[in-house]
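Below are the chains, spelled out letter by letter.
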Amino acid sequence: MRGVATTRGRGGLAAVLGWAVLVLAGCSTAVSGNPVAAAVPPPTATESITQSLINLGESSTVRYQGTLSSASDDAVTFDLTSAQTGEIFGTFTLDGKAATLLVVNKTTYLKAGADFWSTLSGVANNQGKGAAVADRWVKVPTSLIGVEFGDVFTPDVLGQNLAKGSEKAGADPITDGERVKIGELPAIKVTTGGGTVYVTEAVPHGVVKVEMDKVGRSDTTSVKKLVTSVADGSAEVAKFYQDVSAQAAALTAPIDVLTTVQEGTHAFDGCGAASCSIIVQFTNPGKVAVKVSVRGTWQGDNAPLGICDATAGPVAPGAGGSATCTLATREWVSFYQRANSVPGNHPYSVEWSTVVLAEAPDLAQLTARAAAKPADGSAAKAEGSHYVYSIGYSDADHQPKVWKYGVVAGKFWRDHADQQVTTCLRSTGSGCVVTLVTATGDAASAQGLVHQLVEKYKAERKECPIGQWVGCKR
């Protein structure tokens, strides 16, 4: 078609428009032939590993089993389960000495035998502390053990650390990568700027093992040579919170191993047929009031008679105090009767130590999580602290299907979800759409809803959503 010069005025404009209509009616931009859908290439290795690490970061809980070196080069083995909300529970060994770990409100508590504590450098008045704190919950600064467990094992933190430099995985499909076996499981080894990630050969390429040279945010708690298996535990998240809540209920008077009092004189008192006491004097040299615990381990005729415990305080700064630790066991009663009926010497003794008690943690939030019910997905809410979303697509028969369900904290949930749409498109060959299911102010309720949605999908379809790793055992 040729161009047309317009004239000024209403009449000229009308003439031009009328001509244009006639000309356009006679023109066509159609292309002959039948339309053919363009082939959608599969996700690149970078896209796949990024998606796998996003899925890891969305896990309600993850179980880790493996080894690492602490910041002070101590050998550590561990079997820990970490929640997205920060709680961690499990066991570990430090240079072969075992301890139970509990992280609540970003504070670390340990329970271990006397051998663990007696050789741990940095404990105030270390001599004799092993027996005093043995098998009791102790509040521990992570710099003391050289591991900040939350910086290493919280699922989204680990996922983000491994995702650094994920472009190193390359533009080829992930299935072109190095094939390995993790146990009997076929897997693919992928290297990122953060470390080495092993994912399942089968879609959705769930993370099963990671290796990192170094991870952490502080020189005093960054670990080295981390090698661990990875297992999603989201399906059992409700039980996890209940178990951790039950363990945390014992944190009524954890010990503060870094604070101490100055011990003074002591004396036996009121030792008779039913009981015997030791009175321990002490002074608080610190700048804050403290509660003090005294534990005594008793012997008579070179045989154990039992343990006494006493608590005193708060003791004001610079002030003195005392605690009376009384033994009233059957072993003492028998010993006293024998000492008064059998001729000869019958020595008895008590080995005691004072420790300072820390404040008990506030367990209100943990208790609420243990009792939380799944959020109501049918009553969609747009505001909250945690957002449950779905990513959907149409299958070959143009039927709507769910690619995955997810949950993320924060108001930028859509940005988090939208970054996964390309991988969904490439893996399904269909346009993918993000939908908000609901928002809630409780993490455990959001996690419970995701579990509920996945289980419902599995019951109806007899399979997991093809992009689902969280809460979907295959």
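About the thresholds
- Residues numbered from 1 in each chain as written.
- Predicted model: local features only at pLDDT ≥ 70, side-chain atom pairs only at ≥ 80, totals over all residues.
- Heavy atoms only, no water.
- Helix = DSSP H or I, 4+ residues; strand = E, 2+ residues; numbered from the N terminus.
- Buried < 20%, exposed > 50% of the residue type's maximum accessible area, 1.4 Å probe, protein only.
- Contact = heavy atoms within 4.5 Å.
- Areas by Shrake-Rupley, 256 points an atom, 1.4 Å probe, with all protein chains shown as cover.
- Pairing = 2+ DSSP bridges.
- Axes fitted to C-alpha atoms, helices over the stretch in contact; angles between N-to-C directions.
- Core = buried A, V, L, I, M, F, W, Y, C linked by side-chain atoms within 4.5 Å.
- Polar contact = N/O pair within 3.5 Å; in protein donor to acceptor, adjacent residues only side chain to side chain.

Student: Explain the overall build of the chain to me, using residue names and the numbers behind them.
Tutor: Counting its secondary structure elements, the chain contains 13 helices and 21 strands. Expressed as a percentage of the 474 residues in the chain, the buried residues total 44%. The contacts of the chain with a sequence gap of at least 6 include a subset with a gap of at least 24, amounting to 62%. Within the structure as shown, the chain displays about 23,700 Å² of accessible surface, and the carbon and sulfur contribution to it stands at 52%.

Student: So, the sheet that holds strand β14 (residues 276-283): which residues are in play, and what are the values?
Tutor: Pairing within the open sheet is antiparallel, and its 3 strands lie in the order β13-β14-β17. A strand with exactly one partner marks an edge of an open sheet, and here the two such strands are β13 (262-269) and β17 (320-327). The sheet shows a mean angle of 20° between the axes of neighbouring strands, direction not considered. Direction of pairing for β13 relative to β14: antiparallel, over a ladder of 6 bridges. When the sheet's bridge partners are listed, Asp-269 is paired in β14 with Ser-277.

Student: Explain unusual backbone geometry to me, and be specific about the residues and the numbers.
Tutor: In this chain, Val-203 is followed by Pro-204 through a cis amide linkage whose omega measures 10°. In this structure, Pro-314 follows Gly-313 across a cis peptide bond, with omega equal to 10°. Relative to the elements of secondary structure, Pro-314 occurs in strand β16 (residues 303-315). A positive phi angle is found at Asn-302, which is not glycine, with a value near 60°.

Student: Tell me what's going on with the sheet that holds strand β20 (residues 400-409), and back it up with residues and numbers.
Tutor: A sheet is described by the order of its strands in space; here 3 strands give the open sequence β20-β19-β21, paired in antiparallel fashion. Since the sheet does not close on itself, it has two edges, and those belong to β20 and β21 (433-440), each with one partner. Between one strand axis and the next, the sheet turns by 20° as a mean value, whatever way the strands run. In the sheet, strand β19 (residues 386-394) pairs with β20 via 9 bridges, with the strands oriented antiparallel. Considered in β20, the bridge of Ile-391 is made with Lys-404.

Student: Could you give me a rundown of the nonpolar core, with the residues and numbers involved?
Tutor: Grouped together as the largest cluster of nonpolar side chains are 51 residues, with contacts concentrated most on Phe-78, Phe-92, Phe-116, Trp-117, Phe-149 and Phe-153. Setting aside anything within four residues of it in sequence, one finds Phe-78 in contact with Tyr-64, Gln-65, Gly-66, Thr-67, Leu-68, Thr-91, Phe-92, Phe-153, Leu-226, Val-227 and Thr-228. Among the nonpolar cores identified, the runner-up in size contains 22 residues, and Val-261, Val-294, Trp-298 and Phe-335 belong to it.

Student: Give a description of the side chain of Lys-401 that names residues and reports values.
Tutor: Along the chain, the position of Lys-401 falls in strand β20. Within the structure, Lys-401 has its side chain in polar contact with the side chain of Glu-463 (distance 3.2 Å). In contact with Lys-401, other than residues within four places in its own chain, are Gly-392, Tyr-393, Asp-395, Tyr-457, Arg-461 and Glu-463.

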